[in-house]
Amino acid sequence: MASLNVPNTARVSNLVNEAAIKEISEVLQLHGTTPSGLTEMEAAARLEKFGPNQVAEEKHHGWLQRFYLAVRNPLVILLSVLAIITFATAGGASDIAGGMLMVAMVVLGISLRFIQETKADNAAAKLKSMISVTATVVRDGQPKEIPLKQLVPGDVVKLSAGDMIPGDVRLLAAKDLFIIQATLTGESMPVEKTDARDARTNVSSIEHTNICFLGTSVESGSATAVIVATGAQTYFGKLAGSLSGQQVETAFDRGVKKFTWLMLRFMGVMVPLVFLINGLTKHNWKEAFFFSLAVAVGLTPEMLPMIVSVCLSKGALAMSKKKVIVKRLHSIQNFGAMDVLCTDKTGTLTIDHVILEIHCDVFKKESDEVLRDAYLISHFQTGLKNVLDRAVLKYTELHHELSVDKYVKADEIPFDFSRRMMSVVVEGPDSQRQLLTKGAPEAVFAKCTHFESDGEVFPMEPILVGNLIEQVNDLSSDGFRVLAIANKKVGAQTAYSKADENELVLTGYLAFLDPPKDTAKKAIAVLRQQGITIKVLTGD
C-alpha cells in the first residue's frame, strides 16, 4: 500500500501550495494515488488513520451539560444560596415556607428551560440526520457515490455542476469549471479554475487557480480532482474550528447578570446596614441577624426565574407552531428585541415560481423563434438549471415540436460574470451548426451587428439599441427579469470560444416575473408598525 504523509494543521497551507505548484504526476505520487483512485483497502486504512472528513461543528450538549447551563444562571444561584441560608437558620414554619417557595421557583425555572431546550436539541438532531451529502469518488477504477465523511486524502473525485467540493482538492482535469467561493472569500462571482500547474509562490492558498476548497461548490463545468486534505486539516476546517467555541452571551444573559449584580450590591449595602442599626438600637444581635437575613430575602424576586422561563417558553412554543426550532431559550429575548430584519427576496417575499411572461422580437411581437432558441440553450447547457431555465423548459410541447433528440450539442461556452452571457453550439437535423446565445441584454446587444424580424435580417442601428435598452429598463422597473437571445450560423470546428460570440443576430428577448406573495405586503406593513426596518438581501 502506498504511504501518505499528511502534515499537521500548522502546515496545511504549505501542503496546498505544494500541490498547486507541482505537476499532476508529482501530486499523485506525493499523495500515494493514481488516476484510477485508491483501492477500498487503502481508503479504509487512511480513514482509520486520518479520521472522518468532518469539520468542527457546534457541540451537541448532553442532558447533564444542558442541566448545568440551566443551573448556572446567576439569579438561580443567588436564590439557591438564600434558600440554603433560610433553611439553615429557620426559626419557624414561616421561614421554612419561604425557603420552600424559593426552592420551588428555582426548580420550576430550571425545569422549563431544560425541557424546552432538550426538545429543541432533539428536533434539530433529527433534522440533521435527514441530510446526507455524497460525492462521486473513484475507487478501484470505478466511480461510486459515497458519503462525504468517508473520503480520505488521495481519493480521486469527479465534480460537476451543483456539486459541493468534498475537501481541499488539486484539479487533475477541468472543463469550463467555475467555482462559487463566497463562503470563504465573500465574493459572489464564480471563479474560473483550471488544471494547469500554478507556479506562483507569492499568492495566498485561496488564490491558486488549480485548487478548490471544502465549503465551496461548482457553479458550472466539470472536473476530476485529487483530495489533498480532509476535515479539520482543510482551509474551511481551520476556519470552522476557530469559530466553533463557546456560544456568545445573548443580551438577555448579560441583562440577568447585571440585574443579579445590582441585587448583590443592594444587599451588600442594605443587609450590613440593617444588621448594625438593628443591633445597636435593640442590643439583640441574634434578632438583628435574622431581620437582616429577612431583608435580603425580601429584596430578591423569588418568582422572577420562573416568570422569565414561562415567558420565554411561551415565545418558543409560538415559534414552534410556525415550524421554527429555538435551540437556546434565551435567544427569544434577542428575537423580540429585533429592530432590523434582513431577508431574502426569492421565496420569501416572492412565490419562488418564476413565470415566462414575454418572448418577443425587437418590435415587441411575440416570437416563437426566440422561445425555440431559448429552449435549446436551456436544454443543452451543462451548468445548473436556474429558475429562468426551468421556466423556459416548462414549455414541454416544444421538445416534441423541435424534435430535440435530432439536435446534437457540439460545444458550450459557459457563463461568466465578465461577459454576462453564455452560448451553446448545436447541430440541427440539416447538419447546419448554430451558435445560440443568451445573457444580459446590454452585453448581448453589444455583440450583435444585425437583428431579425419576421424571418428577415436587418442591420443593427445605434438608435435601435437605445430603444431596446429603454424597453429593458421599463420591464426591469416593473419587476421583470430580462434575457436577450441571439444566434448566428457557424462552421464545423473542433472547439468554440468567447471569440466566436461576435457579429451575432439579435432575435429578441425574454421577460420573466417572480410575483410577490399575497402575504408579503401585509407582513412588511406589520413589521414597520412594530418599528422594524426591512433590508432585502438579493443577488439581483
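Nothing here was measured: the structure is a model prediction, and the numbers come from that model. Every residue gets a number counted from 1 within its own chain, in the order that chain's sequence is written. Per-residue local features of the predicted model are confined to residues with pLDDT of at least 70, and side-chain atom pairs are confined, for both listing and counting, to 80 or more; whole-chain, interface and lining totals are unaffected and use all residues. Only hydrogens and water are removed before side-chain values are computed, so all heavy atoms of the structure are retained for them.

### A short note on the overall build of the chain
For step 1, the next point in the chain: For the chain, the count of helices and strands is 18 helices and 17 strands.
For step 2, the next point in the chain: Only protein chains enter the accessibility calculation, which uses a 1.4 Å probe; a residue is then buried when its area is under 20% of its type maximum, exposed when over 50%, and partly exposed in between. The buried share of the chain, taken over its 540 residues, is 41%.
For step 3, the next point in the chain: Contact definition: two residues touch when any of their heavy atoms are within 4.5 Å. Relative to all contacts within the chain whose residues are 6 or more apart in sequence, the contacts with residues 24 or more apart total 70%.
For step 4, the next point in the chain: Counting only carbon and sulfur atoms, one obtains 59% of the accessible surface of the chain, whose full area is about 29,000 Å². The helix count covers DSSP runs of H or I at least four residues long, the strand count covers runs of E at least two residues long, and both are numbered beginning at the N terminus. Accessibility throughout is a Shrake-Rupley quantity obtained with a 1.4 Å probe, and a residue counts as covered only by protein chains that appear here.

### Quick word on the pairing of strand β14 (residues 456–459)
For step 1, the next point in the chain: Any two strands are treated as partners once DSSP identifies two or more bridges connecting them. Both strand β13 (residues 448–453) and β14 contribute to a ladder of 4 bridges, which runs antiparallel. When the bridges of β14 are listed, H450 appears paired with P459.
For step 2, the next point in the chain: Linking β13 to β14, which pair antiparallel, is a turn of 2 residues; within it D454 sits at a positive phi near 55 degrees.

### Considerations on a nonpolar patch on the surface
For step 1, the next point in the chain: Surface patches are defined over residues having more than 30% relative accessible area and no salt bridge, joining like charges when they lie within 9 Å and nonpolar side chains (Val, Leu, Ile, Met, Phe, Trp, Tyr) when within 5 Å. Criterion for a salt bridge: a side-chain nitrogen of Lys or Arg within 4 Å of a carboxyl oxygen of Asp or Glu. Together, F87, I96, M100, V103 and V107 make up an exposed nonpolar region whose accessible area comes to about 410 Å².
For step 2, the next point in the chain: For M100, the position within the fold is in helix α6 (residues 93–129).
For step 3, the next point in the chain: Among the residues examined, M100 registers a relative accessible area of 48% and is labelled partly exposed.

### A few points about the pattern of salt bridges
For step 1, the next point in the chain: Enumeration according to the criterion identifies 10 salt bridges in this entry.
For step 2, the next point in the chain: In this structure, K365 and D454 form a salt bridge, with 3.3 Å as the shortest nitrogen-oxygen distance. Here the residue K365 occupies a position in the loop between β9 (355–360) and α13 (368–380), and D454 occupies one in the loop between β13 and β14, the gap between them amounting to 89 residues.
For step 3, the next point in the chain: Take D454: its relative accessible area is 61%, and that puts it in the exposed class.
For step 4, the next point in the chain: Residues D389 and K438 are paired through a salt bridge, measuring 2.3 Å at the closest nitrogen-oxygen approach.

### Description of the packing of aromatic side chains
For step 1, the next point in the chain: Pairing of aromatic rings covers Phe, Tyr and the six-membered ring of Trp, with a centre-to-centre limit of 6.5 Å; geometry is then stacked below 30 degrees between planes, edge-to-face above 60, and tilted otherwise. Considering all chains together, one arrives at 4 aromatic pairs under this definition.
For step 2, the next point in the chain: Linked through ring pairs, F363, F451 and F458 together constitute an aromatic cluster.

### Describing helix α4 (residues 63–71)
For step 1, the next point in the chain: Turning to α4, its buried residues number three or more, namely R66, L69 and A70. Down the axis of α4, the buried set is contained in an arc of 100 degrees. They therefore lie on one face. Note: the arc covers the axis-to-C-beta directions of the helix.

### Description of the side chain of E412
For step 1, the next point in the chain: If you trace the backbone, E412 turns up in strand β10 (residues 408–416).
For step 2, the next point in the chain: E412 sits in the buried class, given a relative accessible area of 8%.
For step 3, the next point in the chain: Side chain to side chain, E412 and K409 meet in a polar contact 2.6 Å long. Within 3.5 Å is the distance limit for a polar contact, defined as a pair of N or O atoms, with the added protein rule that one can donate a hydrogen and the other accept it, and that residues adjacent in sequence qualify only through two side-chain atoms.

### Section: the nonpolar core
For step 1, the next point in the chain: With 27 residues, the main nonpolar core has V444, C448, M460, L468 and L506 as its most contacted residues.
For step 2, the next point in the chain: Residue assignment for this core shows that the elements contributing at least two residues are β11 (421–427), α16 (441–447), β13, α17 (462–477), β15 (480–490) and β16 (504–513).
For step 3, the next point in the chain: It is β15 that provides the largest number of residues to this core, a total of 5 residues.
For step 4, the next point in the chain: Ignoring sequence-local partners within four residues, the contact set of V444 consists of M421, T437, K438, G439, A484, A486 and L506.
For step 5, the next point in the chain: Definition of nonpolar core: a set of buried residues of the types Ala, Val, Leu, Ile, Met, Phe, Trp, Tyr and Cys, connected through side-chain atoms within 4.5 Å. Core analysis: the second largest hydrophobic core is formed by 24 residues, Y375, L376, I377 and V424 among them.

### Focus on unusual backbone geometry
For step 1, the next point in the chain: Phi is positive for S431, close to 70 degrees, though the residue is something other than glycine.
For step 2, the next point in the chain: Despite not being glycine, E503 shows a phi value in the positive range, around 50 degrees.
For step 3, the next point in the chain: On the secondary structure map, E503 appears in the loop between β15 and β16.

### Examining α17
For step 1, the next point in the chain: Here a helix's expected span is defined as the number of its residues, less one, multiplied by 1.5 Å. Its 16 residues place the ends of α17 23 Å apart at the C-alpha level, agreeing with the 22 Å of an ideal helix rising 1.5 Å per residue.
For step 2, the next point in the chain: Those residues of α17 that sit buried are L464, L468, Q471, V472 and L475. Looking straight down α17, one finds its buried side chains confined to an arc of 95 degrees; they lie on one side. Residues P462, I463 and S477 are exposed on α17 and point more than 90 degrees away from its buried face.
For step 3, the next point in the chain: Along its buried surface, α17 packs onto β9, α16, β13, β15 and β16.
For step 4, the next point in the chain: One or two positions beyond α17, positive phi appears at G479, with a value near 95 degrees.

### Some points on empty space enclosed by the protein
Once rolled over the atoms, a probe with the size of a water molecule shows which space is left empty.
For step 1, the next point in the chain: A 1.4 Å probe that fits into a set of points on a 1 Å grid over the protein atoms alone but cannot get out defines a cavity; an open set with protein on both sides within 12 Å along at least five of seven lines defines a pocket, and lining residues are those with an atom within 4 Å of a point. Grid points are joined across faces, edges and corners, and a volume is the space filled by probe spheres set on the points. Across all of its chains, the model carries 1 cavity of 30 Å³ or more by this definition.
For step 2, the next point in the chain: Roughly 30 Å³ of volume is contained in the largest cavity.
For step 3, the next point in the chain: Lining the largest cavity, in full, are A374, S378, D389, V392, K438, L483, I485 and L510.
For step 4, the next point in the chain: Going through the elements one at a time, α13, α14 (387–393) and β15 are the ones with two or more residues in the lining of the largest cavity.

### What to know about a negative patch on the surface
For step 1, the next point in the chain: Under this rule, positive means Lys or Arg and negative means Asp or Glu; His and the chain ends count for nothing. Throughout, a charge is located at the NZ atom of Lys, the CZ atom of Arg, the CG atom of Asp or the CD atom of Glu. A cluster of like negative charges, contributed by E366, D368, E397 and E401, occupies part of the molecular surface.
For step 2, the next point in the chain: Mapped onto the elements of the fold, D368 is located in helix α13.
For step 3, the next point in the chain: Note on D368: relative accessible area 48%, which makes it partly exposed.

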